[in-house]
Amino acid sequence: MKRYQCDTCDYIYDPAEGDPDSGIAPGTTFESLPDGWVCPVCGAAKDEFFPLD
């Protein structure tokens, strides 16, 4: 599964970890994140992320 990095603050969304603080379970791909999901560090929208792997 691809990891994605925030272009604003460099936070890395790792699908293996998910985003438990936002209710996103481990194993959730970036593409499957809800449209309203934002970076948990800086609040950037999904379109501010780019693929790493």
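To be clear, the structure that these remarks concern was listed above.
What you see is a predicted model; the values in this text were computed from it and never measured.

Caption draft 1: Representation of the overall build of the chain. Looking only at helices and strands, one finds zero helices and three strands in the chain. When its helices and strands are written in sequence order, the chain yields β-β-β. Expected size for 53 residues packed as a compact globule is a radius of gyration near 10 Å; at 10 Å, the chain falls within 12% of this value. Overall, the C-alpha framework of the chain stretches about 25 × 25 × 15 Å when taken along its three principal axes. Out of the 53 residues belonging to the chain, those deemed buried represent 32%. Long-range contacts, defined as pairs at least 24 residues apart, comprise 47% of the intrachain contacts of the chain with a sequence gap of at least 6. Per element, the accessible surface of the chain, about 3200 Å² overall, is 48% carbon and sulfur.

Caption draft 2: Expanded view of the sheet that holds strand 3 (residues 49-51). Ordered by their spatial adjacency, three strands build an open sheet running 2-1-3, and the pairing between neighbours is antiparallel. Of all strands in the sheet, those with a lone pairing partner are strand 2 (12-13) and strand 3, marking the two edges. Note that strand 1 (residues 4-6) and strand 3 share three bridges and pair antiparallel. Bridge assignment links Tyr 4 to a residue of strand 3, and that residue is Pro 51.

About the criteria used
- Residues numbered from 1 in each chain as written.
- Predicted model: local features only at pLDDT ≥ 70, side-chain atom pairs only at ≥ 80, totals over all residues.
- Heavy atoms only, no water.
- Helix = DSSP H or I, 4+ residues; strand = E, 2+ residues; numbered from the N terminus.
- Rg over C-alpha atoms; globule rule 2.2 N^0.38 Å.
- Buried < 20%, exposed > 50% of the residue type's maximum accessible area, 1.4 Å probe, protein only.
- Contact = heavy atoms within 4.5 Å.
- Areas by Shrake-Rupley, 256 points an atom, 1.4 Å probe, with all protein chains shown as cover.
- Pairing = 2+ DSSP bridges.

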